[in-house]
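For reference, the chains in residue letters:
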Amino acid sequence: MRAPNPGIRAVLATGLMTAALVTGGTVAAVDLTPVAHAEAAAPAGAAPEGVALAYSPLLEVAKRLPRVSAQQVLHLATSQVGVSENMYGGGTKFHDWYMNSDRAAETIARDGGTRLGYRNAAWCDMFVSWVGDQLGISPVLGEDAYTVRHAEWFAQNNRWGTTPSPGAVVFFDWNGGKDIHDIQHVGFVIKDNGDGTIETVEGNTGNGVVEVRERQTADVVGYGYPVYTA
């Protein structure tokens, strides 16, 4: 879901914002001045196959992280299928991890609320973020409980596009809109079915469960591309 909790204010930015890399629980400002033809010198895995992206500072960050592939991310994400929330809409390992993380303190400072406010909050983005944390690649996959801000982070770091690719983070608006600020849900792309649908793995879907789903690409706002290096 798009917002972490009714008690946590969603602070939307208007206009351009300074991009931030989530590194070691801190937020560091990054210069996003485009670098001409820099993609030619980018490391392997700089962009998904068939996706043309401008240079991103995340490419340098990835060099200091574990070598992780899109398939490793999808293996971990799909291994969580069946994990379900409790009767209050929370209580998963993803809630517990996020509310006790350093990142939670940063998003509370940004959006308001408290750590306990995440206990029963909508958790689709906590699930996505948990996967990145478990594999040690949060700085290049992003870490948030608010889908709009997570999508903005990808866009600000030149890792945003409209082509489905395995391991991409997919953001949805069930009204079919294409505005980042209207995003309502998030998951991972497993594959492009080539018929206007994609196969995904998502948290907090159906009746509050991790599930593999088939989704219409018409409901996709865009895709965030983590930097995979294996």
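Anything mentioned here points back to the structure above.
For the structure given in this document, a descriptive report is provided here. If you're wondering where the values come from, they're calculated on a predicted model, not measured in any experiment.

Cut-offs used in this document
- Residues numbered from 1 in each chain as written.
- Predicted model: local features only at pLDDT ≥ 70, side-chain atom pairs only at ≥ 80, totals over all residues.
- Heavy atoms only, no water.
- Pairing = 2+ DSSP bridges.
- Helix = DSSP H or I, 4+ residues; strand = E, 2+ residues; numbered from the N terminus.
- Contact = heavy atoms within 4.5 Å.
- Axes fitted to C-alpha atoms, helices over the stretch in contact; angles between N-to-C directions.
- Buried < 20%, exposed > 50% of the residue type's maximum accessible area, 1.4 Å probe, protein only.
- Parallel < 35°, antiparallel > 145°, perpendicular 65-115°, else oblique.
- Left-handed = near helix turned anticlockwise from the far one by under 90°.
- Polar contact = N/O pair within 3.5 Å; in protein donor to acceptor, adjacent residues only side chain to side chain.

1. Some details on the sheet that holds strand β4 (residues 169-172)
One open sheet holds the six strands; their spatial order is β3-β8-β4-β5-β6-β7, and the pairing between them is antiparallel. The two strands at the open ends of the sheet, each matched to only one other strand, are β3 (160-161) and β7 (209-216). Bridge count between strand β5 (residues 185-192) and strand β6 (residues 197-205): four bridges; the pairing is antiparallel. By the bridge assignment, Val 189 is partnered in β6 with Thr 200. In this fold helix α5 (residues 124-134) packs onto β4, β5, β6 and β7, with an angle of close to 55 degrees to the strand it touches most, β5. Contacts from helix α7 (residues 147-156) reach β3, β4, β5 and β8 (220-224) within the one sheet, and its direction differs from that of β4 by about 130 degrees.

2. Quick notes on the pairing of β4
Alternating residues of β4 divide into Val 169 and Phe 171 and Val 170 and Phe 172, and every residue in both groups is buried. Bridging between β4 and β5 involves four bridges; their strand directions are antiparallel. Across the sheet, residue Phe 172 finds its bridge partner in β5, namely His 185. Sheet analysis places β4 next to β8, joined by four bridges and oriented antiparallel. Within the sheet, the bridge partner assigned to Phe 171 lies in β8 and is Gly 222.

3. Digging into the packing of helix α2 (residues 70-78) against α5
Two numbers describe how α2 lies on α5: the axes approach to 10 Å, and their chain directions differ by 125 degrees. When the axis of α2 is compared with that of α5, the two are oblique. In terms of crossing hand, the pair formed by α2 and α5 is right-handed. Between α2, through Val 73, Leu 76 and Ala 77, and α5, the contact on the second element is made entirely by Phe 127, Trp 130, Val 131 and Gln 134.

4. Re the side chain of Glu 106
With respect to the helices and strands, the residue Glu 106 is situated in helix α4 (residues 102-111). At a separation of 2.8 Å, a polar atom in the side chain of Glu 106 contacts the side chain of Arg 103.

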